[in-house]
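Now for the letters of each chain:
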Amino acid sequence: MPSLAAKLHIKNIQKVLSAALSEASILPEKINYIAYTEEPGLIICLQIGKIVAETLSLYLNKPLITCNHLEGHIYASLINKETEWKFPALALIISGGHTQIYQLNNRLDFTLLGETLDDAIGECLDKSAILLGYNYPGGPIIEKLASAGKNTYQLPLPKNDESLDFSFSGLKSEVGRIVKKESKKLDINNLACSLQFTLAKLLTKKLKNAWLKSQAKTIIIGGGVIANQFLRNYLTKNIQKWDRKIKVFIPEIKYSTDNAAMIGILAYYKKTYFKILMND
Ligand code: KG4
Ligand code: ZN
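Reading the values: the criteria
- Here, residues in each chain are numbered from 1, in the same order as that chain's written sequence.
- Whichever chain is written first is A, and whichever ligand is written first is 1; the rest continue in order.
- Whole-chain, interface and lining totals are the exception, using all residues; otherwise, since this is a predicted model, local features are given only for residues with pLDDT of at least 70 and side-chain atom pairs are given and counted only at 80 or more.
- Side-chain figures throughout are based on the complete set of non-hydrogen atoms in the structure, without hydrogens or water.
- The domain limits used here are those given by an automatic or database domain assignment.
- Any pair of residues with heavy atoms lying within 4.5 Å of one another is described as a contacting pair.
- Any Lys or Arg side-chain nitrogen found within 4 Å of a carboxyl oxygen on Asp or Glu counts as a salt bridge.
- Throughout this document, a residue counts as near a molecule or strand when at least one of its heavy atoms sits within 4 Å of that molecule or strand.
- Any pair of N or O atoms that falls within 3.5 Å is considered a polar contact. Within protein, one atom must be able to donate a hydrogen and the other to accept it, and sequence-neighbouring residues count only if both atoms are side-chain atoms.
- In these tables, accessible area is a Shrake-Rupley quantity obtained with a 1.4 Å probe, and a residue counts as shielded only by the protein chains included in the view.
- Only strands joined by at least two bridges in the DSSP assignment are considered to pair.
- Secondary structure follows DSSP: runs of H or I at least 4 residues long count as helices, runs of E at least 2 residues long count as strands, and numbering of each begins at the N terminus.
- Lines are fitted to the C-alpha atoms to define the axes, a helix being fitted only along its stretch in contact, and any angle between axes, read from their N-to-C directions, falls within 0 to 180 degrees.
- Only buried residues count toward a nonpolar core, which is a set of Ala, Val, Leu, Ile, Met, Phe, Trp, Tyr and Cys residues joined through side-chain atoms within 4.5 Å.
- Here's how the labels work: a residue is buried when its accessible area is under 20% of the maximum for its type, exposed when over 50%, partly exposed in between, all with a 1.4 Å probe on protein chains only.
- Keep in mind that water is not among the atoms, so a site may look incomplete; donors are the N, O and S atoms within 2.8 Å of the metal, or 3.2 Å for Na, K and Ca.
- Roughly parallel here means an angle under 35 degrees, roughly antiparallel means over 145, roughly perpendicular means 65 to 115, and every remaining angle is called oblique.
- Crossing handedness is read from the near helix: turned anticlockwise from the far helix by less than a right angle, it gives a left-handed crossing, and turned clockwise, a right-handed one.
- Classification convention: Asp, Glu, Lys, Arg as charged; Ala, Val, Leu, Ile, Met, Phe, Trp, Tyr, Cys, Pro as nonpolar; all other residues, Gly among them, as polar.
- Throughout, right-handed denotes a crossover for which the path from the first strand over the helix to the second runs clockwise when the strands point away from the viewer.

Focus on the domain arrangement of the protein
Often the size quoted for an interface is simply the accessible area lost on bringing the parts together.
Here comes step 1: Structurally, the protein comprises domain 1 (2-73 + 257-279) and domain 2 (83-251).
Here comes step 2: Summarising the inter-unit geometry, the C-alpha centres of domain 1 and domain 2 are found 29 Å apart.
Here comes step 3: If you look at the interface, domain 1 gives 9 residues, while domain 2 gives 13 residues.
Here comes step 4: Where domain 1 meets domain 2, there are 0 salt bridges.

Side note on the site of ligand 1
Here comes step 1: In the vicinity of ligand 1 lie 19 residues, with G96, D126, G139, E143 and D258 positioned nearest.
Here comes step 2: Measuring from an oxygen atom of ligand 1, one finds a backbone N or O atom of G224 at 3.0 Å.
Here comes step 3: V225 is positioned such that a nitrogen or oxygen atom in its backbone is 3.5 Å from an oxygen atom of ligand 1.
Here comes step 4: For ligand 1, whose free accessible area comes to 550 Å², the fraction covered by protein is 88%.

Some thoughts on the sheet that holds strand β7 (residues 247-249)
Here comes step 1: The strand order β5-β4-β3-β6-β7 describes an open sheet built from 5 strands, whose pairing is mixed. Both edges of this open sheet fall to β5 (109-115) and β7, since each of them pairs with a single strand only. Going across the sheet, the axis of each strand differs from the next one's by a mean of 20°, ignoring polarity.
Here comes step 2: Relative to strand β4 (residues 99-106), strand β3 (residues 89-94) is paired through 6 bridges, and the arrangement is antiparallel. In the strand pairing of β4, L92 is matched with I101.
Here comes step 3: Across the sheet, helix α8 (residues 229-242) is in contact with β6 (218-222) and β7; its angle to β6 comes to roughly 165°.

With respect to the nonpolar core
Here comes step 1: Counting residues in each nonpolar core, the largest one holds 44 residues, and the members touching the most others are L195, I219 and I221.
Here comes step 2: Those elements that place two or more of their residues in this core are β3, α4 (121-131), α5 (138-147), α6 (169-182), α7 (188-214), β6 and α8.
Here comes step 3: Of the residues forming this core, the biggest block, 11 residues, is contributed by α7.

Here's the deal with the environment of F230
Here comes step 1: As for its placement among the helices and strands, F230 is situated in helix α8.
Here comes step 2: On the accessibility criterion, F230 (30% relative accessible area) is partly exposed.
Here comes step 3: Ignoring anything within four residues of it in the chain, the contact list for F230 reads E143, Q196, F197 and A200.

Brief notes about the environment of L199
Here comes step 1: Considering the arrangement of structural elements, one finds L199 in helix α7.
Here comes step 2: With a relative accessible area of 2%, L199 lands in the buried category.
Here comes step 3: A sequence separation of 59 residues divides L199 from P140, and the C-alpha atoms of the two residues are 14 Å apart.
Here comes step 4: When residues no more than four places from it in sequence are discounted, the contact partners of L199 are I121, L125, F168 and L171.

So, the coordination of the zinc ion (ligand 2)
Here comes step 1: Summarising the metal site, the zinc ion (ligand 2) is bound by the protein donors H69 (NE2), H73 (NE2) and D258 (OD), whose distances to it range over 2.0 to 2.2 Å.
Here comes step 2: Here D258 falls in the exposed class, since its relative accessible area comes to 54%.

Some words on unusual backbone geometry
Here comes step 1: Cis geometry marks the peptide bond from E39 to P40; its omega dihedral reads -15°.
Here comes step 2: Position of P40 among the secondary structure elements: in the loop between β1 (34-39) and α2 (43-60).
Here comes step 3: With an omega dihedral of -5°, the bond running from Y136 to P137 counts as a cis peptide bond.
Here comes step 4: Assignment of secondary structure puts P137 in the loop between α4 and α5.
Here comes step 5: Phi at S25 is positive, roughly 50°, even though this residue is not glycine.
Here comes step 6: Here the phi dihedral of K159 falls at roughly 55°; this positive angle occurs in a residue that is not glycine.
Here comes step 7: Assignment of secondary structure puts K159 in the loop between α5 and α6.

Some remarks on the packing of helix α1 (residues 2-23) against α2
Here comes step 1: At a closest axis distance of 8 Å, the pairing of α1 and α2 adopts a crossing angle of 30°. Put simply, α1 runs roughly parallel to α2. Relative to α2, α1 is oriented so that their crossing is right-handed. Contact residues: P2, A5, A6, H9, I10, I13 and L17 in α1; I44, C45, I48, G49, V52 and L56 in α2.
Here comes step 2: Class assignment of the residues belonging to the contact of α1 with α2 gives a composition of 11 nonpolar, 2 polar and no charged.

Some remarks on the pairing of β1
Each regular strand shows side chains that alternate between the opposite faces of the sheet.
Here comes step 1: Sheet topology places β1 next to strand β2 (residues 64-68); 5 bridges connect them, and they run parallel. Paired with Y36 across the two strands is T66, which belongs to β2.
Here comes step 2: Taken together, β1, α2 and β2 constitute a β-α-β crossover, and its handedness is right-handed.

Okay, here's the thing in structure tokens:
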């Protein structure tokens, strides 16, 4: 509901801004630059952020830095980290809107290697949770249900080939089919656990294919779905089996789902290392 989303952005943006300044204990005049998300996202909401950022930039006379939401998810893995990425690196983005694998040859050179051909992985979790009778967001619900279940349902591994593309819509349909077929016999915990396990297997396989092709020294995983503790452990453990020297970068859980700090750190790198400023 884009118009409702826009209304809520207008209603809340000032509260969010004041809360951020007071939590960070910083006065507006102490800010060095203003960063905002330019794309991708719901255009009407992005525009509200843009207008507020441009107004602040003019009023405080501070430079503006435009950021990409997906690059923000990748850079979130550098928040509070002492070490740096080594190149070539791979970045897997798993969120509510995207499932993509990128190769990074340097900090800002992103080449798309593969992506979902239909639903994003987070969408698969969100829609499956609804089929199980729960509300948005489905990811944390599936994780909780799965923790009390076992991997007993045989789910298909869609797009189980050597390509680096994904497909999730069939998996969600299969969850729907099982819910209908099993009816009263359905074990929701086991179905959630089986779904989570299938997604983990699929991500591992695609990431391994990408690693075999790129021989990446660093693997970065970002996006809301990597807030899932099972996926964090499963992927990290498997990557270490391919080569113990691979450095795995995953943001802390609080910086995995959408947040402003990830845009802040991306802007910091852009300003410090690339001097990319819109109105310099
Ligand atoms: O990156 P994000 O916060 O927003 C987008 O850019 O889409 O990702 C949101 C997605 C939702 O699909 C949500 O269900 C999923 O991340 N998610 C999780 C968990 N927390 C959020 N999925 C699995 N396990 C979680 N704990
Ligand atoms: Zn996101």
